[in-house]
Amino acid sequence: MSSAPITQAWPIAPRIQSLIDGISPALRAGGTDLPIVNPTTEAPISVLREADAQEVDAAVMSARRAFDTGPWPRLDINARKDILYAIRDRVRAHAEELAWLECTGAGLPLARVREQVQRTARVFEFFAEVASTLHGEVYSQSKGWLTWVTREPKGVAALISPWNAPLSLASMRMATCIPWGNTCVLKPSEVTPLSVRRLVEILHEAGLPPGVVNLVNGRGSVTGTALVDHAGIDLVGFTGGTATGRAIMTAAARRLVPAALELGGKSANIVCASADIERALDGALVGIFANNGQQCLAGSRILVQRPVAAEFIERFVERARRIRVGDPLAPATEIGPLAFEAHRDRVLSYAAIARADGARLLTGGRRAAIERGWFVEPTAVLAPSNETRVCQEEIFGPFAAFLEFDTVDEAIAIANRSKFGLVSYVWSEDIGTALRCSRDIRAGTVWINTPMMRELRAPFGGYKESGVGRDGPAASVDFFTEQKATIVPLDPPPVHRFGA
Ligand code: NAP
């Protein structure tokens, strides 16, 4: 991966609009424009025209037509796969442009964003391959009968994604949905629309038929609710916070459509005395500070076994103070600005919350000394107990909460005393300890001696309030396709003749 700076800037339209049937709809008088602001400079970049209920209706109708009568669900799988591969290639060809848009719009550091752009390309390729090996079942055990089971696309999906990794999360939603022949309407976060809007254009430039992916922009309370409540939607795929997930599942239940939810986390990172401490230290720093700390899978509760705790925490703090915070477009930057001002303020408010709960501020807890931008110093606190708010609430920023423990059983119990259960991290060179943690921690993913390796072939999702359902080949097939059983007699069986 290149470590060169991006020297070019790409044009940004003065007004960002929805994309329906592959084009921007005509601007209607009296619509709402929302500001789009660069989190690094605090300068306005553009405005976002919010999609109201009428525009959402047009988007859903476009997806409906594309599903009910359009070519996409009826295409030969090789033709569909060719288009998904063309998307992969075009994303790669525009990788620097997409990376620049993501750094500019979301403040994520360039090195991280370049990886996320490559993963965006990869997920379209990966799920195209899964779709091309999709197969059914045949049952012939009942004498004289043959039954076969086929998979069909489920219909029109509402897909909703957050601002913390706009490109990779929106692409995951789309790439798990459309390969089977579904169509969709995507609503990304209105805070970070730039990269996703360009990605949806790229999908069309690569040959995706109009109407398969429609994009509507706007706030959750306006555009999001209009979308989820729309009668033309057959299913909902959501990535975001737990409170919103609950509202979305309620709305989906009212219409009796399925919803898959990828939600928040407060994941434990357990560092045992038996760990390779150097690697555990690097892993703990990556676990909480990557992606500006704005990640669902952050290892935000760092549990350290008492014999090694003091030294581990001291070294962590020393390293945290040396993290390069600054312009996300500079290749050496490790942490950029938080995505928007209110979020920066919310993250910082946890320094006072921590103190009020008796936690000790070890470092950070204030704005970084940079003139402009929503920068926060990498922060760490030592909490007196797992019951404090900094250990129970998702802060979603560069904010680590340390806890100390004596026995591995105690660490597992602490890890599980959370309403969340997305991921967990365990650092130990003792195989028995590592395997016991894997068995007993209630989380969708357990990483042993590594920070956040995402295996696309494996299911990803959360226990408890971290989600409902999984992303991954098998889970996505189950969620995004219907099963149909067709039953035929091999010898015509006698049929009772009513009234004969
Ligand atoms: P959020 O506030 O829940 O918003 C997510 C998306 O839902 C946004 O597009 C939002 O629009 C929209 N929305 C809000 N209310 C809605 C409603 N009533 N109906 C329909 N849509 C609605 O989450 P966020 O703050 O953007 O993202 C951070 C959260 O996402 C964190 O909790 C994080 O852990 C979670 N996350 C989970 C995963 C995972 O894979 N498990 C991955 C990444 C992030 P607005 O922007 O207008 O609010």
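Please refer to the structure placed before this passage.
Criteria and thresholds
Residues numbered from 1 in each chain as written. Predicted model: local features only at pLDDT ≥ 70, side-chain atom pairs only at ≥ 80, totals over all residues. Heavy atoms only, no water. Helix = DSSP H or I, 4+ residues; strand = E, 2+ residues; numbered from the N terminus. Buried < 20%, exposed > 50% of the residue type's maximum accessible area, 1.4 Å probe, protein only. Contact = heavy atoms within 4.5 Å. Lys, Arg positive; Asp, Glu negative; His and termini not counted. Charge placed at Lys NZ, Arg CZ, Asp CG, Glu CD. Pairing = 2+ DSSP bridges. Axes fitted to C-alpha atoms, helices over the stretch in contact; angles between N-to-C directions. Phe/Tyr/Trp six-rings, centres within 6.5 Å; stacked < 30°, edge-to-face > 60°. Lys NZ or Arg CZ within 6 Å of the ring centre and 35° of its normal. Salt bridge = Lys/Arg side-chain N within 4 Å of Asp/Glu carboxyl O. Parallel < 35°, antiparallel > 145°, perpendicular 65-115°, else oblique. Left-handed = near helix turned anticlockwise from the far one by under 90°. Core = buried A, V, L, I, M, F, W, Y, C linked by side-chain atoms within 4.5 Å. Near = heavy atom within 4 Å. Polar contact = N/O pair within 3.5 Å; in protein donor to acceptor, adjacent residues only side chain to side chain. Areas by Shrake-Rupley, 256 points an atom, 1.4 Å probe, with all protein chains shown as cover. Nonpolar A, V, L, I, M, F, W, Y, C, P; charged D, E, K, R; others polar. Domains from an automatic or database assignment.

(A) Main features of the overall build of the chain. Assigned secondary structure in the chain consists of 15 helices and 21 strands. In terms of its C-alpha atoms, the chain occupies a principal-axis envelope of roughly 85 × 60 × 40 Å. Classification of the 500 residues of the chain by burial places 56% in the buried group. Contacts spanning at least 24 positions in sequence make up 73% of the contacts within the chain whose residues lie at least 6 apart. Of the side chains in the chain, 54 bear a positive and 54 a negative charge, and the two mean positions are spaced by 2 Å.

(B) Quick peek at the sheet that holds strand 15 (residues 399–405). Strand order in the open sheet formed by seven strands is 13-14-15-12-11-17-18, with mixed pairing between adjacent strands. Every other strand in the sheet has two partners, leaving strand 13 (360–363) and strand 18 (445–448) as the edge strands with one partner each. Adjacent strand axes in the sheet meet at a mean angle of 25 degrees when their direction is disregarded. Across four bridges, the pairing between strand 17 (residues 423–427) and strand 18 is parallel. Note that in strand 18 the partner of serine 424 across the bridge is valine 446.

(C) Fine view of the packing of aromatic side chains. Under the criterion given, the structure shown has eight aromatic pairs. Consider the rings of phenylalanine 126 and phenylalanine 127, whose centres lie 5.0 Å apart with planes at 90 degrees: the pair is edge-to-face. Overall, the relative accessible area of 0% leaves phenylalanine 127 in the buried class. Positioned above the aromatic ring of tyrosine 85, the side-chain terminus of arginine 88 is 4.5 Å from the ring centre. Taking the ring centre of phenylalanine 479 as reference, the NZ or CZ of lysine 154 above it sits at 5.5 Å.

(D) Up close: the pattern of salt bridges. Per the counting criterion, the structure on display carries 36 salt bridges. Glutamate 455 is the partner of arginine 457 in a salt bridge, and the nearest nitrogen-oxygen pair spans 2.6 Å. Its relative accessible area of 29% is what places glutamate 455 among the partly exposed residues. When salt bridges with common partners are traced through the structure, they connect Arg90, Glu97, Arg197, Arg198, Glu201 and Glu205 into a single cluster.

(E) Inspection of the side chain of arginine 173 at higher detail. On the secondary structure map, arginine 173 appears in helix 5 (residues 166–177). For arginine 173, a relative accessible area of 2% translates into the label buried.

(F) Focus on the packing of helix 5 against helix 6 (residues 194–205). One can describe the packing of helix 5 onto helix 6 by two numbers: an axis separation of 9 Å at closest approach and a directional angle of 40 degrees. Between helix 5 and helix 6, the crossing angle belongs to the class labelled oblique. Crossing angle aside, the handedness with which helix 5 passes helix 6 is right-handed. Contact with helix 5, carried on its side by Pro166, Leu167, Ala170, Ser171 and Met174, involves Ser195, Val196, Leu199, Val200 and Leu203 of helix 6 and no other residues of that element.

(G) Geometry of the sheet that holds strand 9 (residues 235–239). Strand order in the open sheet formed by six strands is 8-7-6-9-10-20, and the pairing between neighbours is mixed. Pairing within the sheet leaves two strands with one partner each, and these edge strands are strand 8 (213–215) and strand 20 (467–468). The pairing of strand 6 (residues 156–160) with strand 9 spans four bridges and is parallel. The partner of isoleucine 160 across the bridge, within strand 9, is phenylalanine 238. The strands touched by helix 5 within the sheet are strand 6, strand 7 (183–187), strand 8, strand 9 and strand 10 (259–262), with strand 6 carrying the most contacts at an inclination of about 165 degrees.

(H) Looking closely at the nonpolar core. Phe124, Met174, Ile178 and Val213 are the most contacted members of the largest nonpolar core, which totals 61 residues. The element that contributes the greatest number of residues to this core is helix 4 (residues 110–132), accounting for 11 residues. With residues near it in sequence (within four places) discarded, phenylalanine 124 still touches Leu84, Ile87, Ser171, Met174, Ala175, Ile178 and Leu203. Judged by nonpolar contacts, the second largest core, of 32 residues, contains Phe312, Ile335, Trp427 and Phe460.

(I) Looking closely at the environment of glycine 469. Within the secondary structure layout, glycine 469 lies in the loop between strand 20 and helix 15 (473–480). A sequence separation of 449 residues divides glycine 469 from isoleucine 20, and the C-alpha atoms of the two residues are 29 Å apart. Aside from chain neighbours lying at most four places away, what touches glycine 469 is Glu262, Gly461 and Gly462.

(J) Structural view of unusual backbone geometry. The phi torsion at leucine 256 lies on the positive side, around 60 degrees, for a residue other than glycine. Looking at the element boundaries, leucine 256 is found in the loop between helix 8 (242–255) and strand 10.

(K) Structural detail: the site of the ligand. In the region of the ligand, 28 residues are neighbours, and Glu190, Gly220, Thr244, Leu263 and Glu394 sit closest. Between the ligand and threonine 244, the relevant distance is 2.6 Å, taken from an oxygen atom to a side-chain nitrogen or oxygen of the residue. Between the ligand and the protein, one listed contact pairs a nitrogen atom with a backbone N or O atom of leucine 263 at 2.7 Å. A total of 890 Å² of accessible area belongs to the ligand in isolation, and the protein chains cover 86% of it. Elements with a contribution of two residues or more to the shell around the ligand: helix 7 (220–228), strand 9 and helix 8. With three residues, helix 7 is the largest single contributor of residues to the shell around the ligand. Looking at side-chain class alone, the shell around the ligand contains 12 nonpolar, 11 polar and five charged residues. Composition of the shell around the ligand by domain shows at least three residues from each of domain 1 (15–263 + 466–485) and domain 2 (268–448).

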